[in-house]
Amino acid sequence: MPKHAFRTVPWVHDDDTPVETPDQAFLRISRRFWHVVARSGDVVPGGLVPVTLLDEQLVLGRTLDGELTLLDDLCAHRGVRLSMGALTSGGCVRCPYHGWEYDLDGRCTAIPQLDHDRIPATARVTSYRVAEQAGMVWACLVGEDEQPAPPPELTEADDAGFDLFVGEPLDWACSSFREIENFCDVAHFSILHADTFGNGREPVIAPYEVTLLDDGRTLSFDAAYPACDPFAEPDAEGHRPSFPSVFGYRVLAPFTVRLEGAAGPGTVMWIHSTPTSARTCRVFWDTAFPVEARTDFAAYAEFEEKVWGPDRAMVEGQRPELLPLDLTEELHLPFDRFAVAYRRLLGEMGYRL
Ligand code: FES
Ligand code: FE
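Just so you know, these numbers come straight off a predicted model, no measurement behind them. (Residues numbered from 1 in each chain as written. Chains lettered and ligands numbered in written order. Predicted model: local features only at pLDDT ≥ 70, side-chain atom pairs only at ≥ 80, totals over all residues. Heavy atoms only, no water.)

Turning next to empty space enclosed by the protein. Tallied over the full model, the rule gives 2 cavities of 30 Å³ or more. If you go around the largest cavity, the residues you meet are Phe33, Trp34, Pro150, Pro151, Pro152, Arg217, Leu252, Pro254, Phe255 and Thr256. Partitioned by chemical class, the residues of the lining of the largest cavity number 8 nonpolar, 1 polar and 1 charged. Roughly 40 Å³ of internal volume is contained in the second largest cavity. If you go around the second largest cavity, the residues you meet are Cys75, His77, Arg78, Val80, Cys95, Tyr97, His98, Gly99 and Trp100. Looking at the lining of the second largest cavity, its residues break down into 5 nonpolar, 3 polar and 1 charged. (1 Å grid on protein atoms, 1.4 Å probe; cavity = no way out; pocket = protein on both sides within 12 Å on 5 of 7 lines; lining within 4 Å. Points joined across faces, edges and corners; volume = space filled by probe spheres on them. Nonpolar A, V, L, I, M, F, W, Y, C, P; charged D, E, K, R; others polar.)

Spatially, 3 strands are ordered E1-E10-E9 in an open sheet, and the strand pairing comes out antiparallel. Only two strands of the sheet have a single neighbouring strand rather than two, namely strand E1 (35-39) and strand E9 (129-133). Strand-to-strand twist across the sheet, computed as the mean angle between neighbouring axes with direction ignored, equals 30°. Pairing between E1 and strand E10 (residues 136-140): 4 bridges, direction antiparallel. Bridge pairing links His35 to Ala139 in E10. (Pairing = 2+ DSSP bridges. Helix = DSSP H or I, 4+ residues; strand = E, 2+ residues; numbered from the N terminus. Axes fitted to C-alpha atoms, helices over the stretch in contact; angles between N-to-C directions.)

Burial runs high along E10: 5 of the 5 residues are buried. Residues Met136, Trp138 and Cys140 point to one face of E10 and Val137 and Ala139 to the other, with burial holding for every one of them. With 5 bridges joining them, E9 and E10 adopt antiparallel strand pairing. Across the sheet, residue Val130 finds its bridge partner in E10, namely Ala139. (Buried < 20%, exposed > 50% of the residue type's maximum accessible area, 1.4 Å probe, protein only.)

Here it is, written out as structure tokens:
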């Protein structure tokens, strides 16, 4: 029986005060980071979109002037979902039930049933930090008085020398940390992905080093790998031609990965694993291609879909669902260097899973 099966979670301290469960600790600590909550193109001017982040139901909106707002998706009056309402031409979110209106900061600005305009100060919903970068809408749930972690820098995504492909988000029933580890796990390429880019004849992983950069958050490693050409015809023995390549990983812990070279020379791919809850995630991903590559985006999307499928099956079946940060709970070998460094760093960030 695996070791984690014996793990018990204390629910109270000795003095009977409740303690945080690992899920609650995950949700609390993750609030200070920036998370992708939508693709920019999915939030049209004048539109509202319901989004889930860290177990919070939120409503994301864009005014006709292009300004973004992110509020609790819960009307202060009778708890109706504001995302079922509409954005007014004046830039307020209007509840569909009794027509109360909230401004971009969540203050109630209109209550149609009152015959005066003295709106109680308590008529408001919580608003959150929201920003836009690299074709994505980002949110951070820290309180107004707290300091959010710096957002990731995604330079190539807004660079005119690159064409940006923004993929369809993926909803996976696994923790974000399991998904990030899978994306950075070089050791499975030759086994799980032998029908696409994986090289079934080369399972041995060349040694690589993982470095923590000066920002204290970014884990960097370059993994040499003889990838196969996924679009080439297999030979008589079923093997496709391979070529030496280097997968340049920069993992901006905890939730964003930048990967250089995986979609061809000069390409940069990002994944943003957004924790919709402690045990589920929505993966946003995009790839910047040098303009001169004239990439066939439809063929590229089809290829990635073929790669994501088996990855999803693996991570959704992993147990325990929360990534074990105690390094004695799973077996780590030299080619798992990234996983070891990532788990240690998450522990230093305060996660206790
Ligand atoms: Fe929203 Fe009444 S429930 S206005
Ligand atoms: Fe994979």
